[in-house]
Amino acid sequence: MTTDNAAAEDSDNFRFFGLGGCNEVGRSCHIIEYKNKVIMLDSGVHPGLGGMNSLPFFDEYDLSKVDILLISHFHLDHAASLPYVMQQTNFKGRVFMTHATKAIYRWLLSDFVRVTTLFGGGDGDKQADESPNNNAASANLYTDEDLMMSFEKIETIDYHSTIEVEGIRFTAYHAGHVLGACMYFIEIGGVKVLFTGDYSREEDRHLKVAEVPPTRPDILITESTFGTATHEPRLEKETRMMKNIHSTILKGGRVLMPVFALGRAQELLLILEEYWSLNEDLQNVSIYYASDLARKCMAVYQTYTSIMNEKIRLSATSGEKTNPFQFKFIKSIRSIDKIQDIGPCVVVASPGMLQSGVSRTLLERWAPDPKNAVIMTGYAVEGTMAKEILAEPHTIPSIVNPEVAIPRRLSVDEISFAAHVDFQQNAGFIEEVSPKKIILVHGDSNPMGRLKSALLSRYSSRKGTEEEVKVFNPRNCEDLLIGIKGAKFAKVVGLLAESEIGLVREFLEKKENESKITEVKDEDAMEEVKTEEAENELQAKDNGAQVTQDDKFISSGIVLSGVLISKDFDMNLLQLEDLQEYTQLTTSFVKSNIRLKIQASVSLILWHLEQMFGHINVVMDEEELWECLIMDMILVSVDKSTPATGLNINVEWINNNAMADSLADSIVAILYSVDSSPASVKLTSKTHTHSHIVKKEDSGEVATEDKKGHQLSDISSRIHRISTLLKAQFGDAITQLDKKGAVVKIGKAEAEIDFTSLQVKCPSRVLKDRVENILKRGCKLSAPFSTNQKEI
Ligand SMILES: [Zn+2]
């Protein structure tokens, strides 16, 4: 397992797990996991392997966990195991690709089904020989029916549109490479990931180049096909290719250009068509495009000119030519028989890896003649004939009879039109995208390793800083964990946004040139709903606005409080009143009240409450009813109608936090002790001759106190007070009570209280706290007798 050393607690780890396409090119399939959401990126086959061996390592992962599967483009090494995943495994997620990818995918894969059926194991005859089990039965990974059933379930995404599935948001951006190819910008629980798929940054004859998404990702998963290699400049390689073709034809030779049926092939055809139109001497030489599949897909190319680049869109709408993909010099043919193989010609044929089919047949036919030429324009995958032929072997094996060695005398040239970024382009893109973590995929070990070193040295000056860049090149089935720092974002919405954001904005405007984001700390605002994230710091941002500045923020010191609602990773901070508008939650209040009867006057009650809470907010004082609100939480109502038999008192509060409950508790305890309080006796009897530092409207007296004279009586009154409070609180739970102390037993917990030392022995933390609070209160209530409250 590879672990980023910043890896935090488990739940905050971002996990990358490659099922294919890691340290290899082929069978791309990567799993990313964060906060229990699972996304699969691509689902390809390995062109150099056959049958079940060509699949990604699906057995190594429980595919039923996958929420969504995003396909970057139609190439077989990115999409061809999709019907298998959808129809033959326990996968039950949703699948997305662009419209154009889906349109081509259909034709491409039915061709793939046909080819694998014909050749019994895809292009990997070698594998079939090595492992007999890998033949016939397993050769067909899926049927035409599987393909059609899966096709119907595939959903599409437009470029620049964002789709949200169970809290996972993803947006498609142009990737260049081939028609329909896209990058996915994915947001899961605040973590932003950009998956490039295969991409190109070089403007060509029909596609847009890959875009840099507007938002900075935390993690970039990028291809590394060409590692640190540099592409030959576009113009030079086109010139070199056309010179090669032209001279081969002048010599009377034939030119074979093996291509993957779709993608680069269309680009090459555009180049050939243009060259032929400019060179009359070539116009009687035939260019064949031998692909039944491509013929079917031409309609797709003709349909999707709207998502291609300016050049194509202009020529498609100019009216001069109906469509750039309706060629004048290129003959699209269904089969090899249509080639008039009697003299110089150019054949653009699939498959690109020369494993079977038209391109292989022509290679074998033309290999012995030195006048002929094969031009390799794509990326050659390990283990394929395309890779072998580049080494210019003396002979090649016949596909029909591998015993037969066919002499190879035709010239072999590699002029790469592979639409993958080279080092300059990849590094430039990475620079613009600016991620801190980079995961390299889709590259053979060596070029990938070199790219990793080159990137690390490029960013070496950032080592040890906040902006340090880390590069990972995990192998297939190797766990990579990346710790995600717990910065949490909450959007402030509704009334709260309207009222409070104004304050923040005002503050920010003062700090003109600084960041637009304000840090706020959410405090006790999350009582009502899910509170897991409560302790995290929040960054408040405006309603719907993007976070524009990295992790930069300034502390305004402004505190926002509201209800924190968390749904699928989104966190909204709002006022309780807005709850129904922004969520499907409803609120309810639990009200509690306690009724008691006391022999005392309202003024005495008020006096006692004031001793405890300072100023008391009297909200009602009428003939029969007196009410006060304590700390804005507890309403004490006194019914004055029956003074003779005692006052009926109602204490009422909403149980919305622990504070209100304990506050109500102490108020009730105070009320219970009002009529037996020595202070009450003194006040009501008015027989005391000295007064206290207490302001009392009734008496109006203020004097200093004779402290010594009170000491003894203080202690005994304290014990009496505490005993009373304990009885009020615990009643029958008091198993023992005398002048020295008491024992309270609730359930299994037992608390021993020593009245002299005021110590509580109790193994239960909760009970201990509760008893200690009562002791404190008992002491406080006797405080008015002393000017020096420190002694308690
Ligand atoms: Zn590709």
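Everything below is about the structure shown above.
Residues numbered from 1 in each chain as written. Predicted model: local features only at pLDDT ≥ 70, side-chain atom pairs only at ≥ 80, totals over all residues. Heavy atoms only, no water.

Asks: I'd like a rundown of the sheet that holds strand β31 (residues 617-621), residues and numbers included.
Replies: Ordered by their spatial adjacency, 5 strands build an open sheet running β30-β34-β33-β32-β31, and the pairing between neighbours is antiparallel. Among the strands making up the open sheet, the edge pair consists of β30 (591-598) and β31. Taking each pair of neighbouring strands and ignoring which way they run, the sheet shows an average axis angle of 20 degrees. Bridge count between strand β32 (residues 625-630) and strand β33 (residues 634-639): 6 bridges; the pairing is antiparallel. What sits directly across from isoleucine 630, in β33, is isoleucine 634. The sheet contacts of helix α18 (residues 658-674) involve β30, β32, β33 and β34 (647-654), and relative to β34 the element is tilted by about 170 degrees. (Pairing = 2+ DSSP bridges. Helix = DSSP H or I, 4+ residues; strand = E, 2+ residues; numbered from the N terminus. Axes fitted to C-alpha atoms, helices over the stretch in contact; angles between N-to-C directions. Contact = heavy atoms within 4.5 Å.)

Asks: Go over the pairing of β31 with me, naming the residues and quoting the values.
Replies: By the bridge criterion, 4 bridges tie β31 to β32 in an arrangement that is antiparallel. Its bridge partner being in β32, aspartate 621 is matched across the sheet by tryptophan 626. Linking two consecutive strands that pair antiparallel, namely β31 and β32, is a turn of 3 residues.

Asks: Report on the sheet that holds strand β9 (residues 168-174), specifying residues and quantitative values.
Replies: Taken together, the 7 strands give an open sheet; going across it, the order is β8-β9-β10-β11-β12-β21-β22, and neighbouring strands pair in mixed fashion. At either end of the open sheet lies a strand with only one pairing partner, and these are β8 (162-165) and β22 (470-472). The average undirected angle you get between the axes of adjacent strands in this sheet is 20 degrees. For strand β11 (residues 191-195) and strand β12 (residues 219-223), the ladder comprises 3 bridges, and the chain directions are parallel. Bridge assignment links leucine 194 to a residue of β12, and that residue is leucine 220. Along the sheet, helix α13 (residues 423-433) makes contact with β10 (182-188), β11, β12 and β21 (437-441), crossing β12 at roughly 165 degrees. Against the sheet, helix α14 (residues 445-458) engages β12, β21 and β22, with an angle of about 160 degrees to β21.

Asks: Describe the packing of α13 against α14, with residues and values.
Replies: Between α13 and α14, the least distance of the axes is 12 Å, while the angle of their chain directions is 45 degrees. One element, α13, and the other, α14, form an angle in the oblique class. Here the hand of the crossing between α13 and α14 comes out right-handed. Of α14, the residues touching α13 (which contributes Phe423, Asn426, Ala427, Ile430 and Glu431) are Leu451, Ala454, Leu455 and Arg458. When the residues that make up the contact of α13 with α14 are grouped by side-chain class, the tally is 6 nonpolar, 1 polar and 2 charged. (Parallel < 35°, antiparallel > 145°, perpendicular 65-115°, else oblique. Left-handed = near helix turned anticlockwise from the far one by under 90°. Nonpolar A, V, L, I, M, F, W, Y, C, P; charged D, E, K, R; others polar.)

Asks: Before we move on, can you summarise the nonpolar core with the specific residues and values?
Replies: Met241, Ile245, Met257 and Trp276 are the most contacted members of the largest nonpolar core, which has 102 residues in total. The next biggest cluster of nonpolar side chains, apart from the first, holds 32 residues, and it includes Phe14, Tyr159, Ile163 and Val191. (Core = buried A, V, L, I, M, F, W, Y, C linked by side-chain atoms within 4.5 Å. Buried < 20%, exposed > 50% of the residue type's maximum accessible area, 1.4 Å probe, protein only.)

Asks: Break down helix α6 (residues 144-153) for me, with residues and values.
Replies: Among the residues of α6, those classed as buried are Asp146, Leu147, Ser150 and Phe151. End-on view of α6: buried residues confined to an arc of 135 degrees, all on one side of the axis. Seen from the open side of α6, the exposed residues pointing more than 90 degrees away from its buried face are Glu145 and Glu152. (Arc of directions from axis to C-beta.)

Asks: Could you give me a rundown of the state of the cysteines, with the residues and numbers involved?
Replies: Across all of its chains, the model carries 0 disulfides by this definition. Cysteine 22 provides the cysteine sulfur closest to cysteine 477, a residue in no disulfide bond, and the two sulfurs are 8.4 Å apart. Look at cysteine 477 and you get partly exposed, because its relative accessible area is 27%. (Disulfide = S-S within 2.5 Å.)

Asks: Describe the packing of helix α7 (residues 234-250) against helix α8 (residues 264-278), and please don't skip the residues or the numbers.
Replies: The interhelical angle for the contact between α7 and α8, taken along N-to-C directions, is 65 degrees, at an axis separation of 11 Å. Classified by chirality, the crossing of α8 by α7 is right-handed. Two secondary-structure elements touch here, α7 through Arg234, Glu238, Met241, Met242, Ile245, His246 and Ile249 and α8 through Glu267, Leu268, Ile271, Leu272, Tyr275 and Trp276. Residues belonging to the contact of α7 with α8 are distributed by class as follows: 9 nonpolar, 1 polar and 3 charged.

Asks: I'd like a description of the pattern of salt bridges, backed by residues and values.
Replies: Inspection of the entire model under this criterion finds 28 salt bridges. We note a salt bridge from glutamate 238 to arginine 205, for which the minimum N-O separation is 2.6 Å. Highlighted residues: glutamate 238 in helix α7 and arginine 205 in the loop between β11 and β12, separated in sequence by 33 residues. With relative accessibility at 11%, the residue glutamate 238 sits in the buried group. A relative accessible area of 16% means that arginine 205 is categorised as buried. Taking the shortest distance from any N to any O, the salt bridge between lysine 387 and glutamate 382 comes out at 3.7 Å. Members of the salt-bridge network, linked through shared partners, are Glu202, Arg205, Arg234, Lys237, Glu238, Glu267 and Glu274. (Salt bridge = Lys/Arg side-chain N within 4 Å of Asp/Glu carboxyl O.)

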